[in-house]
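Report on the structure
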Amino acid sequence: KKQPVKIMVTGAAGQIGYALVPMIARGVMLGSDQPVILHLLDIPPAAEALNGVKMELIDAAFPLLKGVVATTNVEEACGGVNIAIMVGGFRRKEGTERKDVMSKNVSIYKAQASALEQYAAANCKVLVVANPANTNALILKEFAPSIPAKNITCLTRLDHNRALGGIAQRLNIHVSDVKNVIIWGNHSSTQYPDASHATVITQAGEKSVKELIADDKWLHDEFISFVQQRGAAIIKARKLSSALSAASAACDHIHDWVLGTPKGTWTSMGVYSDGSYGVPPGLIYSFPVTCNKGEWSIVQGLRIDEPSRAGMDATAKELIEEKTLAYSFLD
Ligand code: NDP
């Protein structure tokens, strides 16, 4: 019988948290035979709402859910966790500057890094969702030096899934027949969605998306803006930011990391750059990765065309600027 895996979700009373925790408790993240214990963290103003989430989890009587800890104490939340999903953070509201949000979140991620380092299980895997996701993850990495760098990642899977969906819509096929898009770089508007290596499974075998969509303008303009603008389109429609799709993508990210990517298929993850594809080392940057036995590796040897190169460099430049800004708050 499998031992329960302890999963922490921070910002668990927020809207992504509310969509995410039942998915985890149903086995979407780690499989339908893997029991889980949830550690839910939020800040004191959200404590009552957090307790409400705990009550609902109990009422849902999930067979796989072996325990729920709901707390506003970071140390308690981090205790013994095998997986940490970091969703908590201050949001950028109209009229607030990016700088203000960054300064608050950098100190949160610094503090949470120390708690994870001291109290989480050895080899804990970390996924940062809260924005600026790449830079929050980098700060977390810097202030938790005993957690291996390869265990700290950020979410770009939602962008990856949106890219698959955009291509499926354009070709009028099912999303599961499209694979190997890439999200390069920052989880922000400078990200570079790349379909130049993507393929489609057809009755006549695997075909490249480039071949099927000969319209270069669509691939270089409309596809990229579709992926980059999708978040804004959802806010306009829902008057709230995306939550169920973000939660689902977080499950996909951990699922594939722990259980492996299907043969011949890669996904996109924000990971610590080792200099692959000329991306500066020392950034958390989204790359195409395959996963096997709980470890990701960057897909090597892809040919990079000129538009991709320019896009990849621009998003790296933004990440360097974010890093410098983040550090200026820590001095
Ligand atoms: P959400 O649950 O909607 O979002 C949480 C975070 O995820 C935000 O930083 C958001 O960034 C980010 N995010 C990343 N990708 C996406 C995406 N594709 N779509 C939407 N969001 C995305 O926010 P709520 O305000 O509902 O909940 C936040 C929770 O965090 C609250 O419960 C709050 O109490 C808690 N919190 C915890 C703190 C802490 O741990 N110290 C500090 C502050 C708040 P973006 O802003 O860019 O949308």
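Refer to the structure presented above.
Scope of this entry: the structure provided in the associated data block.

Gln15, Asp42, Arg91, Asn131 and Ser242 are the nearest of the 23 residues found near the ligand. A distance of 2.9 Å separates an oxygen atom of the ligand from a polar atom in the side chain of Asn131. Notes on the ligand: free accessible area 910 Å², of which the protein chains cover 84%. Looking at the shell around the ligand, the elements that each hand over two or more residues are helix 1 (15–25) and helix 4 (98–119). Classifying every residue of the shell around the ligand by side-chain character gives ten nonpolar, ten polar and three charged.

On to the sheet that holds strand 7 (residues 178–179). The three strands are arranged 7-10-11 in an open sheet whose pairing can be described as antiparallel. The open sheet has two free edges, formed respectively by strand 7 and strand 11 (205–208), since each of these has just one partner strand. Alignment of strand 10 (residues 199–202) against strand 11, held across four bridges, turns out to be antiparallel. When the sheet's bridge partners are listed, Thr199 is paired in strand 11 with Ser208.

Applying the stated rule across the entire model yields four aromatic pairs. Here the aromatic rings of Trp184 and Tyr277 are separated by 5.2 Å at their centres, their planes lie at 70°, and the arrangement is edge-to-face. Of the two residues, Trp184 sits in strand 8 (residues 182–184) while Tyr277 sits in the loop between strand 12 (267–272) and strand 13 (284–292), which places them 93 residues apart along the sequence. Here Trp184 matches Tyr277 in class, with each residue buried. Between the aromatic rings of Trp218 and Phe223, the centroid separation amounts to 5.7 Å while the plane-to-plane angle is 35°, which identifies the pairing as tilted.

Put simply, helix 4 and helix 5 (residues 133–142) touch, their axes get as near as 8 Å, and they point 40° apart. The orientation of helix 4 with respect to helix 5, classified from their angle, is oblique. Both helix 4 and helix 5 take part in a crossing whose hand is right-handed. Together, Met102, Asn105, Val106, Tyr109, Lys110, Ala113 and Leu116 of helix 4 and Thr135, Asn136, Ile139 and Leu140 of helix 5 make up the contact between the two elements. Partitioned by chemical class, the residues of the contact of helix 4 with helix 5 number seven nonpolar, three polar and one charged.

A few words now on the environment of Glu321. In this fold, Glu321 is placed in helix 10 (residues 306–328). On the basis of relative accessibility, which here comes to 41%, the residue Glu321 falls in the partly exposed class.

Another point: the nonpolar core. Ile7, Val9, Leu20, Leu38, Leu40, Leu57 and Ile85 are the most contacted members of the largest nonpolar core, which has 74 residues in total. Ile85 has contacts with Ile7, Met8, Val9, Thr10, Leu20, Met29, Leu127, Val129 and Ile254, leaving out every residue within four places of it along the chain.

This part covers the environment of Thr315. With respect to the element layout, Thr315 can be found in helix 10. A relative accessible area of 0% places Thr315 in the buried class. In sequence terms Thr315 and Thr190 are 125 residues apart; their C-alpha atoms lie 5.1 Å from each other. Non-local contacts of Thr315, meaning those with residues more than four positions away in its chain, are made with Trp184, Gly185, Asn186, Thr190, Gln191 and Tyr285. Side-chain polar atoms of Thr315 contact the side chain of Thr190, separated by 2.9 Å.

Turning our attention to empty space enclosed by the protein. Per the stated rule, a full pass over the model turns up one cavity of 30 Å³ or more. The computed volume of the largest cavity comes to approximately 100 Å³. Looking at the largest cavity, the residues that line it are Tyr192, Pro193, Asp194, Ala195, Ser196, Lys210, Asp216, Leu219, His220, Ile224, Asp305 and Ser308. For the lining of the largest cavity, the elements supplying multiple residues, two or more each, are strand 9 (192–194) and helix 8 (216–238). Looking at the lining of the largest cavity, the element that brings in the most residues is helix 8, giving four residues.

What counts, and at which threshold
Residues numbered from 1 in each chain as written. Predicted model: local features only at pLDDT ≥ 70, side-chain atom pairs only at ≥ 80, totals over all residues. Heavy atoms only, no water. Near = heavy atom within 4 Å. Polar contact = N/O pair within 3.5 Å; in protein donor to acceptor, adjacent residues only side chain to side chain. Areas by Shrake-Rupley, 256 points an atom, 1.4 Å probe, with all protein chains shown as cover. Helix = DSSP H or I, 4+ residues; strand = E, 2+ residues; numbered from the N terminus. Nonpolar A, V, L, I, M, F, W, Y, C, P; charged D, E, K, R; others polar. Pairing = 2+ DSSP bridges. Phe/Tyr/Trp six-rings, centres within 6.5 Å; stacked < 30°, edge-to-face > 60°. Buried < 20%, exposed > 50% of the residue type's maximum accessible area, 1.4 Å probe, protein only. Axes fitted to C-alpha atoms, helices over the stretch in contact; angles between N-to-C directions. Parallel < 35°, antiparallel > 145°, perpendicular 65-115°, else oblique. Left-handed = near helix turned anticlockwise from the far one by under 90°. Contact = heavy atoms within 4.5 Å. Core = buried A, V, L, I, M, F, W, Y, C linked by side-chain atoms within 4.5 Å. 1 Å grid on protein atoms, 1.4 Å probe; cavity = no way out; pocket = protein on both sides within 12 Å on 5 of 7 lines; lining within 4 Å. Points joined across faces, edges and corners; volume = space filled by probe spheres on them.

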